[in-house]
Each structure stands twice: as structure tokens, then as C-alpha cells.
Amino acid sequence: MSADVQVVWSPALLGYDFGDGHPMAPLRLDLTMRLADALGLLDGPGMRVVGAEPVTDAVLETVHEAAYVAAVRAASEPGGAGDALRGLGTADDPVFPGMHEAAARVVGGSVDVAMAVWSGEAEHGVNLTGGMHHAMPGAASGFCVYNDAAVAIRALLAAGAERVAYVDVDAHHGDGVQAVFWDDPRVLTVSVHESGHTLFPGTGHPRETGGPGAEGSAVNVALPARTSDAGWLRAIDAVVPPVLRAFRPQVVVSQHGCDAHVEDPITNLDVSIDAGRRAVEMVHALAHEVADGRWVALGGGGYAVVDVVPRAWAHVIAEAVHRPVDPGLRLPEAWQAEVVARYGRRAPARMTDGVDAEFRPWSAGYDPADDVDRAVRATRAAVFPLLGLDPELD
Ligand SMILES: [Zn+2]
Ligand SMILES: [Zn+2]
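This write-up is about the structure you can find in this document.

1. Let's talk about the overall build of the protein chain
Moving on, step 1. Across its full length, the protein chain holds 11 helices and eight strands.
Moving on, step 2. The C-alpha atoms of the protein chain give a radius of gyration of 19 Å, which matches the 21 Å a tight globule of 394 residues would have.
Moving on, step 3. The C-alpha extent of the protein chain, read off along each of the three principal axes, is 55 × 50 × 45 Å.
Moving on, step 4. Look at the contacts in the protein chain between residues 6 or more apart in sequence, and 77% of them connect residues 24 or more apart.
Moving on, step 5. Within the structure as shown, the protein chain displays about 13,900 Å² of accessible surface, and the carbon and sulfur contribution to it stands at 53%.

As C-alpha cells, then:
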């Protein structure tokens, strides 16, 4: 297998822009890719940066309803109207000229890297502009117009993949991807998120475990608000490796929304850059262990645009290209200066939040009175038996 890594990027992808004041500012991608470049991560042997073209309606319609695609197209015309029943023209998903093309381009990036990984042209693929996990077959939701992760997984299945695992560590439940593959035993969706009791979209409870014929194909860890590094990593460790080992995917598609960070303005988890990096390492290692290294890493949420997203996602790229960045490294001066010049403020100085991101592995035992451990146990009890695992032992 090739050791090449393919990273999706072109400035055209900045066109996915809901406008001033919307939390999902394209600036976060611009700053991320500039930082990755300044760190030297975008060149080097085996490293390819590829642009993305919008996919056709036929590709979108492997996941989305034709009537929804038509509604997005109509809303994308200058002066186009929204369609609130389809989530278009809402506060979360305002319409803008060119929206269809911009969203279809994001999908194109994810499909391309998935196909490159499946064909062996690349070992790992990264599309940080993707991870639009809330988009539903017939509706936009939660800043997501088209579900690039689901379309990419459909493309993998069409290309012959028989088992695909989707791992989502965004602070929000990966509800759209789960919904698309609810009845499909070929796709394991695993989401570790803040509980739906305190955060959008309100779903992702442990007992959501997959539909008829696909029992055990959905795995949900619903963490209490204010869960911090030790609990978040412990929850990932307690659930993700065992279910992936049991499922034996041929490809791992992961979503690295970084809105679980303590400074993120729209969620209530308290995770650090360093814990996020540990999670990426864990997913990467698992892809090598269970899927022969076939790994597609996507972006997702992340609304602390200057302070969190660029560092979090530069670490994702660094991990994928097997050139991890020393957390203590100072951010390049030129990048810092760019932030000051453009935004009149300083960015964090280093690639770390200055914490260890240590956690106690689940195998070391659990505390029945601890809220995080209770959440983890609920997930293990609900879904492990369906995957042939023992909730107490595995
Ligand atoms: Zn999110
Ligand atoms: Zn690797």
C-alpha cells in the first residue's frame, strides 16, 4: 500500500460561507491551512494537496432526496428563497448565492480522498472542510447542507467496501450520518459527544444502537456537560477501540470537529488541544490496527476560530502525514503576524494548551458514582452485546 497522504485544499472551498456573524466562518479553514503550510506540513515526499470539484446531483442523491437537492439549487440562485421545512433559510443555515456549488464542492473533496484511500492511491486522506455530519437526506441542519461524510461512505460501499467505520468526536452528535446508515449493517457509526440533554441536536443517546437488521451498528456516548480531558479521553478509550476491533472495518472515516474544546463558544465540554491531539493519535493507530491503515479524516465543528481550530486541525494533518508537531512548538512568527494584522489580536503562542491530557484507561477499572463512567457504562451495556462484546470485560 502506498504511504502517500492526500489533503484536500483550495481557496475555492472558502466559498462555503453563511455570511458575517455566522459561527462557521470560512476564516477558520483559511487560518488552519495557512498554519499547516507555515509548519511545513503541506510539502514533502508523498504529500499531495488536491483541490475539489463539486459532485454531480447523482452523487449527492446517493444520500440526499432529489427534491432537497433541487431546493438547495433554487435557494442558491441570487435572491433565492429558503425553504424552512428543509432547513434552508434558517438562522443555522441561511441561504447564500452559490450555496449548492460550495456545499457540493465540500462533498467532492471527501469523496475524492475516500476513493484515493480505497484504491490505495493514498494511505490516509484529510478533508478538514468536510465533516458536515448534521445534514439529513431531506434537510439542512446545524450549519450542514450536504452530508459529505455520508456521501463519501456511500461511495466507498459502491466501490466494494463491505464494512466502513465512522468515528465522530465532534461535541455534537453525528446524527445525520447515523440516520443515513441506521438500517445498514455495513456501516458502524460511533459518536462521542455532549449529551443531547444539554446540546443540539438532542439525539445520540446510548440506546440508539441501529435499526432492524443493523442492530449494534450505531454507538453513542453521551457525555455530561463540563466533561474535561481525562473523562473525554477515557470515554473514547472505553468504547472506540473495542467496537472497532469487533467490527473489523476496511476503512475508518473519522470526524474531528474541535468544538469540544473548553474555549468553544457553542458547546459545554472542556477538552484541550492536547486531548484532541491524543484522540487523533488513537484513531490513527486504530486505522492501522484494524483497517490496514485506510483512514479518511474530516473536519467538522469548531467555532473558536483563531484560538482553537487552526492548532487543533494542524495537529490532524500532522498526524496523518506522520510528522507529529511537538506540542511545545511556538506557532510560526509569520502566521502570528498575519493574525495580528488581520484581526488585531494575538493568537495562542504554542501548539499546546500546556496540559498533559492524561487519562486513566478503562481497563484500570471504573467508578459507578462518576458521571462520565456512568455514561460510558450505559453505552457499553446498550451496544456491546450486540457486537459480541462483554460490557464488563472487553
Ligand atoms: Zn459540532
Ligand atoms: Zn498512518
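2. Section: the pattern of salt bridges
Moving on, step 1. According to the stated counting rule, one finds 21 salt bridges in the structure shown.
Moving on, step 2. One salt bridge connects Arg277 with Glu281, and the closest N-O pair in it is separated by 3.0 Å. Taken together, the residues Arg277 and Glu281, both in helix H8 (residues 273–290) and four residues apart, mark about one turn of the helix.
Moving on, step 3. The residue Arg345 makes a salt bridge to Asp307 at a minimum N-O spacing of 2.8 Å. In this pair, Arg345 sits in the loop between helix H10 (333–343) and helix H11 (371–383) while Asp307 sits in the loop between strand S8 (295–298) and helix H9 (309–320), placing the two residues 38 residues apart along the sequence.
Moving on, step 4. Under the relative-accessibility criterion, Arg345 is labelled partly exposed at 35%.
Moving on, step 5. A relative accessible area of 19% means that Asp307 is categorised as buried.
Moving on, step 6. Connected via shared salt-bridge partners are Asp30, Arg34, Glu338 and Arg342.

3. Re the coordination of the zinc ion (ligand 1)
Moving on, step 1. Coordination of the zinc ion (ligand 1) by the protein is provided by Asp170 (OD), His172 (ND1) and Asp259 (OD), with metal-donor distances spanning 1.9 to 2.1 Å.
Moving on, step 2. Read from N- to C-terminus, the donor residues coordinating the zinc ion (ligand 1) fall into the pattern D-x1-H-x86-D.
Moving on, step 3. On the basis of relative accessibility, which here comes to 1%, the residue Asp170 falls in the buried class.
Moving on, step 4. For His172, a relative accessible area of 6% corresponds to the buried category.

4. Re the packing of aromatic side chains
Moving on, step 1. For the structure shown, the criterion picks out five aromatic pairs.
Moving on, step 2. When the ring of Phe143 is compared with that of Tyr303, the centres are 5.5 Å apart and the planes differ by 85°; the resulting orientation is edge-to-face. You can see Phe143 sitting in the loop between strand S3 (124–127) and helix H5 (148–158) and its partner Tyr303 sitting in the loop between S8 and H9, a full 160 residues away along the chain.
Moving on, step 3. Accessibility expressed as a relative area gives 8% for Phe143, which makes it buried.
Moving on, step 4. For Tyr303, a relative accessible area of 9% corresponds to the buried category.
Moving on, step 5. Relative to Tyr366, the ring of Trp362 lies with its centre 5.3 Å away and its plane at 15°, an arrangement referred to as stacked.
Moving on, step 6. Residue classification places Trp362 among the buried positions, given a relative accessible area of 8%.
Moving on, step 7. Taking the relative accessible area as the measure of exposure, Tyr366 reaches 30% and is therefore partly exposed.
Moving on, step 8. Pairwise contacts between aromatic rings join Tyr16, Phe18 and Phe96 into one cluster.

5. What to know about the side chain of Asp307
Moving on, step 1. A polar contact of 2.8 Å, which involves the side chain of Asp307, links it to the side chain of Arg345.
Moving on, step 2. Residues contacting Asp307, with those up to four places away along its chain left out, are Glu263, Arg345, Arg346, Ala347 and Pro348.

Scoring rules and cut-offs
Residues numbered from 1 in each chain as written. Chains lettered and ligands numbered in written order. Predicted model: local features only at pLDDT ≥ 70, side-chain atom pairs only at ≥ 80, totals over all residues. Heavy atoms only, no water. Helix = DSSP H or I, 4+ residues; strand = E, 2+ residues; numbered from the N terminus. Rg over C-alpha atoms; globule rule 2.2 N^0.38 Å. Contact = heavy atoms within 4.5 Å. Areas by Shrake-Rupley, 256 points an atom, 1.4 Å probe, with all protein chains shown as cover. Salt bridge = Lys/Arg side-chain N within 4 Å of Asp/Glu carboxyl O. Buried < 20%, exposed > 50% of the residue type's maximum accessible area, 1.4 Å probe, protein only. Donors = N, O, S within 2.8 Å, 3.2 Å for Na, K, Ca; no water. Phe/Tyr/Trp six-rings, centres within 6.5 Å; stacked < 30°, edge-to-face > 60°. Polar contact = N/O pair within 3.5 Å; in protein donor to acceptor, adjacent residues only side chain to side chain.

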